[in-house]
Amino acid sequence: MSQLIASKLHKGISPRQFIDQMTKNQETFNSWSDQFQWNDAELEEFYDSLNNRDDLRCMIIAADWCGDVVRNVPVVFQAMEKAGIPTEVLIMEEHLDLMDQYLTMGGRAIPVVLFIDTGGHLLGKWGARPKHVQEVMNAFKAENPDREAADYQEKIAVARQEMGRRYGEDTGYQTIILQEIREILSGV
């Protein structure tokens, strides 16, 4: 897997290019980004303290059509910018080989945020959504394994509604993402 990650280094696009090239959801993406705030001084200090590390890289597997990307990637971009960690975005459809190495419960859930060293060795992974939101999908998939069931679409719509409720209307979920990523980066 490390060889595959290493082969993808410098094959992605910059965060700015990703935003500029969005054909779907750009306005919503920018809105979540514009609403971002550092509400926790300790968290902000942690990310700022990573600026003296030149051994970390961030790769994000994403696509502009995905609601979780639109909500979560602006937070990751802000955190990586604060931390001074070089970040590149790999469009999922163009990098299915890598995507398929990081399935969530057997599915292609994005974004997948990979923290790697300069040699392409995986140090940590986050995604596709905050743990408290992912719990809903975990429970749904456990209870509804048959995608062909007559009521599958109806039930997944209810699960998605609950995931939206757990995200909330405001930006509180953004601090949770920053905390989850700090846990990962604290160990590398």
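Higher on the page you've got the structure.
Residues numbered from 1 in each chain as written. Predicted model: local features only at pLDDT ≥ 70, side-chain atom pairs only at ≥ 80, totals over all residues. Heavy atoms only, no water.

A.B. asks: Is there a simple way to think about helix α5 (residues 67-83) in this case?
C.D. replies: One turn of an α-helix holds 3.6 residues; hence residues three or four places apart share an orientation. Along its 17 residues, α5 runs 25 Å from first to last C-alpha, staying within 8% of the 24 Å computed at 1.5 Å per residue. Along its length, α5 shows its largest kink, about 30 degrees, at V73, and proline P74 lies within four residues downstream of that point. Most of α5 sits inside the fold, with 13 of its 17 residues counted as buried. Downstream of α5 by one or two residues, G84 has phi in the positive range, about 70 degrees. (Helix = DSSP H or I, 4+ residues; strand = E, 2+ residues; numbered from the N terminus. Expected span 1.5 Å × (residues − 1). Bend = angle between axes of the 7 residues up to and from the residue. Buried < 20%, exposed > 50% of the residue type's maximum accessible area, 1.4 Å probe, protein only.)

A.B. asks: Quick question: what am I supposed to make of the nonpolar core here?
C.D. replies: It is characteristic of soluble globular proteins that their nonpolar side chains tend to be buried jointly. Membership of the largest hydrophobic core comes to 60 residues, with the highest contact counts inside it found for F18, Y47, M80, F115, I181 and L185. Examining the composition of this core, we find that nine residues originate from one element, α5, more than from any other. Once residues within four sequence positions are removed from consideration, L185 is found in contact with F46, Y47, L50, M80, I85 and F115. (Core = buried A, V, L, I, M, F, W, Y, C linked by side-chain atoms within 4.5 Å. Contact = heavy atoms within 4.5 Å.)

A.B. asks: Could you clarify how one ought to interpret the packing of aromatic side chains in this entry?
C.D. replies: Between two aromatic rings, the relevant description is the distance of the centres plus the angle of the planes. Taken as a whole, this structure holds nine aromatic pairs when the rule is applied. Taking 5.9 Å as the distance between ring centres and 65 degrees as the angle between the ring planes, the aromatic pair formed by F18 and F29 counts as edge-to-face. Of the two residues, F18 sits in helix α2 (residues 15-21) while F29 sits in helix α3 (residues 26-35), which places them eleven residues apart along the sequence. Here F18 and F29 have matching classes, each one buried. Their ring planes at 90 degrees and their centres at 5.2 Å tell us that F36 and W38 sit as a pair that is edge-to-face. (Phe/Tyr/Trp six-rings, centres within 6.5 Å; stacked < 30°, edge-to-face > 60°.)

A.B. asks: What should I look at first to understand the environment of T118 in this one?
C.D. replies: Position of T118 relative to the elements: it lies in the loop between β3 (112-117) and β4 (122-127). Separated by 64 residues in sequence, T118 and D54 have C-alpha atoms that sit 8.3 Å apart. Other than its neighbours up to four places away in sequence, T118 contacts L9, D54, D55 and R57.

A.B. asks: For this particular structure, what's the right way to read the side chain of N144?
C.D. replies: If you trace the backbone, N144 turns up in the loop between α7 (131-143) and α8 (152-167). Apart from the residues within four sequence positions on either side, N144 is in contact with Y152 and K155.

A.B. asks: Can you walk me through the pairing of strand β1 (residues 56-62) in this structure?
C.D. replies: A regular strand carries its side chains on alternate faces of the sheet. The element β1 is largely enclosed, with a buried count of seven among its seven residues. Burial along β1 is two-sided: L56, C58, I60 and A62 and R57, M59 and I61, pointing in opposite directions, are all buried. Strand direction decides the pairing type here: β1 and β3, joined by six bridges, are antiparallel. By the bridge assignment, M59 is partnered in β3 with L114. One ladder, built from five bridges, connects β1 with strand β2 (residues 87-91); its direction is parallel. Bridge pairing in β2 links I60 to V89. Taking the sense of rotation as the criterion, the β-α-β connection linking β1, α5 and β2 turns out right-handed. (Pairing = 2+ DSSP bridges. Right-handed = clockwise from strand over helix to strand, strands pointing away.)

A.B. asks: Explain unusual backbone geometry to me, please; I cannot follow it from the model alone.
C.D. replies: At the junction of I110 and P111, the peptide bond is cis and its omega measures out at 5 degrees in the coordinates. With respect to the helices, strands and loops of the structure, P111 is situated in the loop between α6 (96-99) and β3. The omega torsion of the bond from G127 to A128 falls at 5 degrees, within 30 degrees of zero and hence cis. Structurally, A128 can be placed in the loop between β4 and α7. The phi dihedral of H10 is positive, around 70 degrees, even though this residue is not glycine. Assignment of secondary structure puts H10 in the loop between α1 (2-8) and α2. One non-glycine residue, M105, lies in the positive phi region at around 50 degrees. Mapped onto the fold, M105 is located in the loop between α6 and β3.

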